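# Analysis of the macromolecular model
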Amino acid sequence: VLDADENIVQIGFKNDILVVNFWATWCAPCKKEMPSLNTLAQNMKHEDFQIITVASGRNSKKAIDAFFNDYNLVNLSKYRDPRGKMAIEYGVTALPTTVVLNPNGIEIGRVIGDIDWHTVDVQAFFKELVKMK
């Protein structure tokens, strides 16, 4: 579990479509959507596409690790934002919130609330975004 800072999206993701998912260990909708987000990451692993998860607020490293183990989230990276700085910078007002950034770090999409990331339409959408980047 790495601590996030406001520059996290610029480190190592410059050529990728970046999906930043803000969540918390106590968040029921987050628990519901994380397995499908993990599957999307697995299905897109050979694309210029990255998903990073940012545990926003008071989530201990131990709790984050336990959450990832409980849900077998092996395809997602683990960051935390204990003071909420990154969440504030991205205007996150509810959890989960997912922000989609182009390779220049510009927001091109946002989902507030949980969705099923493991659908044919969602995967096709992101494959098209990668082609257009």
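For the structure itself, look to the data block above.
This text gives an overview of the structure that appears in the document.

The rules behind the values
Residues numbered from 1 in each chain as written. Predicted model: local features only at pLDDT ≥ 70, side-chain atom pairs only at ≥ 80, totals over all residues. Heavy atoms only, no water. Salt bridge = Lys/Arg side-chain N within 4 Å of Asp/Glu carboxyl O. Helix = DSSP H or I, 4+ residues; strand = E, 2+ residues; numbered from the N terminus. Buried < 20%, exposed > 50% of the residue type's maximum accessible area, 1.4 Å probe, protein only. Lys, Arg positive; Asp, Glu negative; His and termini not counted. Polar contact = N/O pair within 3.5 Å; in protein donor to acceptor, adjacent residues only side chain to side chain.

### Quick word on the pattern of salt bridges
Evaluation of the coordinates by the stated rule reveals five salt bridges. Note that Asp-114 and Lys-32 form a salt bridge whose closest N and O atoms lie 3.3 Å from each other. Of this pair, Asp-114 sits in the loop between β6 (107-112) and α4 (120-132) while Lys-32 sits in helix α1 (residues 28-43), placing them 82 residues apart in sequence. We classify Asp-114 as partly exposed; its relative accessible area is 27%. Among the salt bridges present, the one from Lys-127 reaches Glu-47, with a minimum N-O distance of 3.0 Å. Highlighted residues: Lys-127 in helix α4 and Glu-47 in the loop between α1 and β3 (49-56), separated in sequence by 80 residues. Lys-127 gets classed as partly exposed once you look at its relative accessible area, which sits at 30%.

### Section: the side chain of Asp-81
With respect to the helices and strands, Asp-81 occurs in strand β4 (residues 77-81). No salt bridge is formed by the buried Asp-81. Its closest oppositely charged neighbour is Lys-85, at 7.4 Å. For Asp-81, the side chain forms a polar contact with the main-chain nitrogen of Met-86, separated by 3.0 Å.

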